Amino acid sequence: MVNDRMKLRGHVVAELYGPDGTLKQREEMHNLVTDVGDIYLAQCPYGTPWATNGLKLDSASTAAAKNGAGSFVAAGTYISGSAHAPTLAVGASANILKITHTWAAGEATGTIRRMGWVDNTTDAGEANAAKTAAMTVFAADIAKGAADTLAITWNISFLGAP
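Owing to the predicted nature of the structure, the values given are computational and were not obtained by experimental measurement.

Draft legend 1. Structural context of the overall build of the protein chain. Of regular secondary structure, the protein chain possesses one helix and eight strands. Counting helices and strands in the order they occur from the N terminus, the protein chain gives β-β-α-β-β-β-β-β-β. With 162 residues in all, the protein chain has 40% of them scored as buried. Put simply, of all contacts in the protein chain between residues at least 6 apart along the chain, 73% involve residues at least 24 apart.

Draft legend 2. Local environment of the sheet that holds strand S3 (residues 54-58). Reading across the sheet, the eight strands line up as S3-S6-S7-S2-S1-S8-S5-S4 and stay open at both edges, with antiparallel pairing between neighbours. One side of each edge strand has no neighbouring strand; the edge strands of this open sheet are S3 and strand S4 (87-90). For this sheet, the mean inter-axis angle between neighbouring strands, taken without regard to orientation, is 20°. One ladder, built from four bridges, connects S4 with strand S5 (residues 96-103); its direction is antiparallel. For alanine 89, the partnering residue across the bridge sits in S5 and is lysine 98.

Draft legend 3. Spatial organisation of unusual backbone geometry. Notably, alanine 108 is not glycine yet its phi reads approximately 50°, a positive angle. Within the fold, alanine 108 resides in the loop between S5 and strand S6 (110-118).

Draft legend 4. A look at the packing of aromatic side chains. Taken as a whole and assessed by the stated rule, the structure comprises one aromatic pair. For the ring pair tryptophan 117 and tryptophan 154, a centre distance of 6.3 Å and an interplane angle of 50° mean the geometry is tilted. Of the two residues, tryptophan 117 sits in strand S6 while tryptophan 154 sits in strand S8 (residues 149-159), which places them 37 residues apart along the sequence. Taken as a pair, tryptophan 117 and tryptophan 154 share a single burial class, namely buried.

Draft legend 5. Spatial organisation of the pattern of salt bridges. Inspection of every chain in the model, using the stated rule, returns seven salt bridges. A salt bridge links glutamate 28 to arginine 26, with the nearest nitrogen and oxygen atoms 3.0 Å apart. You can call glutamate 28 partly exposed: its relative accessible area is 42%. Arginine 26 gets classed as partly exposed once you look at its relative accessible area, which sits at 41%. Residue glutamate 126 pairs with lysine 56 through a salt bridge whose shortest N-O separation is 2.6 Å. Linking glutamate 126 in the loop between S6 and strand S7 (132-144) with lysine 56 in strand S3, this pair joins segments that are 70 residues apart in sequence. Judged by its relative accessible area of 9%, glutamate 126 is buried. By relative accessible area, lysine 56 is classed as buried at 0%.

Draft legend 6. Representation of the environment of serine 61 within the structure. Take serine 61: it is sitting in the loop between S3 and S4. For serine 61, a relative accessible area of 67% gives the class exposed. When the C-alpha positions of serine 61 and isoleucine 112 are compared, they lie 9.2 Å apart, and in sequence the two are 51 residues distant.

The rules we used
- Residues numbered from 1 in each chain as written.
- Predicted model: local features only at pLDDT ≥ 70, side-chain atom pairs only at ≥ 80, totals over all residues.
- Heavy atoms only, no water.
- Helix = DSSP H or I, 4+ residues; strand = E, 2+ residues; numbered from the N terminus.
- Buried < 20%, exposed > 50% of the residue type's maximum accessible area, 1.4 Å probe, protein only.
- Contact = heavy atoms within 4.5 Å.
- Pairing = 2+ DSSP bridges.
- Axes fitted to C-alpha atoms, helices over the stretch in contact; angles between N-to-C directions.
- Phe/Tyr/Trp six-rings, centres within 6.5 Å; stacked < 30°, edge-to-face > 60°.
- Salt bridge = Lys/Arg side-chain N within 4 Å of Asp/Glu carboxyl O.

Listed below in structure tokens is the structure:
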């Protein structure tokens, strides 16, 4: 009998740079795929899943969750101007999806605590988790000033049986 334990592992790196290009802060953490994300990923091989084409930053301190308040970027805590389409590419190996984006100086300023991988780039938070595939919570607050740049690299590894 074959026991295949397929799983996903997300690894997120956030790097905050000052106006002179000096690294001010680096955070590494894992993500949590939401219930909606589970459905999205299950539909990829055979169906027509919605496109996960946006990243949104959040100031909430809510823990990431499979569903409920921790599974999406809410309207009241969405960081204005942070909704952007990321660059999607193959990562270090063929089983890794690499998601990257850099928020330039003047974009998405404030205290950043969480990030969502969503299906849109509308400059607003979400009403519920219906549009969010995954969430990550940064280990420490990221205070992005108007002159700072924030670079995100989010690697999602698709893992088969060990």
